[in-house]
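Fold and geometry: a report
Here are the chains, one letter per residue:
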Amino acid sequence: MDLRQVFAANLRHFRHAKGLSQEDLAYEAGVNRTYMSKLEKGGTFVGLEIIGKLAKVLDVEAAEFLKPPPKKARKK
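Bear in mind that the values here come from a model prediction, so they are computed numbers and not experimental data.

1. Some points on the overall build of the chain
For the chain, the helix and strand inventory stands at 4 helices and 0 strands. For the chain, the α and β elements follow one another from N to C terminus as α-α-α-α. Relative to a compact globule of 76 residues, whose C-alpha radius of gyration would be 11 Å, the chain shows 12 Å and is just as compact. Dimensions along the principal axes, computed over C-alpha positions, put the chain at roughly 45 × 25 × 20 Å. Going through the 76 residues of the chain one by one, you find that 30% of them count as buried. Within the chain, contacts between residues at least 6 apart in sequence are counted, and of these 62% link residues at least 24 apart. When the accessible area of the chain is evaluated, it comes to approximately 5,500 Å², of which 53% is carbon and sulfur surface. For the chain, the distance from the average site of its 15 positive side-chain charges to the average site of its 9 negative ones is 11 Å.

2. Overview of the pattern of salt bridges
For the structure on display, the rule yields 4 salt bridges. With a shortest N-O distance of 2.4 Å, R15 and E40 are connected by a salt bridge. Of the two residues, R15 is situated in helix α1 (residues 3-18) and E40 in helix α3 (residues 33-41); the sequence distance between them amounts to 25 residues. Under the relative-accessibility criterion, R15 is labelled buried at 8%. We classify E40 as buried; its relative accessible area is 3%. For K67, the salt bridge identified is with E64, shortest N-O distance 2.8 Å. According to the relative accessible area criterion, E64 is partly exposed, its value standing at 27%.

3. Notes on the packing of α1 against helix α4 (residues 48-58)
Where α1 contacts α4, the two axes come as close as 10 Å, and the packing angle between them is 30°. Here α4 runs roughly parallel to α1, going by the angle between their axes. As α1 packs across α4, the resulting crossing turns out to be left-handed. Two secondary-structure elements touch here, α1 through F7, L11, F14, R15 and K18 and α4 through I51, L54, V57 and L58.

4. Digging into the packing of α1 against α3
Contact geometry for α1 and α3: axes closest at 6 Å, N-to-C directions at 115°. In this structure, α1 contributes Q5, F7, A8, L11, R12 and R15 to the contact, and α3 contributes M36, L39, E40 and K41. Residues of the contact of α1 with α3, tallied by class, amount to 5 nonpolar, 1 polar and 4 charged.

5. Overview of the nonpolar core
By size, the foremost hydrophobic cluster in this structure holds 15 residues, and its most contacted members are F7, L11, M36, L54 and F65. Broken down by secondary-structure element, the contributors of at least two residues to this core are α1, α2 (22-29), α3 and α4. Residues within four places of M36 in sequence aside, it is in contact with L11, Q22, L25, A26, V31 and L54.

About the cut-offs
Residues numbered from 1 in each chain as written. Predicted model: local features only at pLDDT ≥ 70, side-chain atom pairs only at ≥ 80, totals over all residues. Heavy atoms only, no water. Helix = DSSP H or I, 4+ residues; strand = E, 2+ residues; numbered from the N terminus. Rg over C-alpha atoms; globule rule 2.2 N^0.38 Å. Buried < 20%, exposed > 50% of the residue type's maximum accessible area, 1.4 Å probe, protein only. Contact = heavy atoms within 4.5 Å. Areas by Shrake-Rupley, 256 points an atom, 1.4 Å probe, with all protein chains shown as cover. Lys, Arg positive; Asp, Glu negative; His and termini not counted. Charge placed at Lys NZ, Arg CZ, Asp CG, Glu CD. Salt bridge = Lys/Arg side-chain N within 4 Å of Asp/Glu carboxyl O. Axes fitted to C-alpha atoms, helices over the stretch in contact; angles between N-to-C directions. Parallel < 35°, antiparallel > 145°, perpendicular 65-115°, else oblique. Left-handed = near helix turned anticlockwise from the far one by under 90°. Nonpolar A, V, L, I, M, F, W, Y, C, P; charged D, E, K, R; others polar. Core = buried A, V, L, I, M, F, W, Y, C linked by side-chain atoms within 4.5 Å.

Listed below in structure tokens is the structure:
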């Protein structure tokens, strides 16, 4: 999983945990909704300023966006 995909997965996770739509998060962070969609799909690179805005709205540390998700346990 490349870093954009890690960021995208974490962004979706944190957004869902807060109960926000993409549109609501984009509005609160002051970014375009279509850009938000591209970020969540891992289709574009994100700048540090945007990471900071998203972290503030989602109430998480910016570094949390770049942590790989835990490995899922395999079913036996």
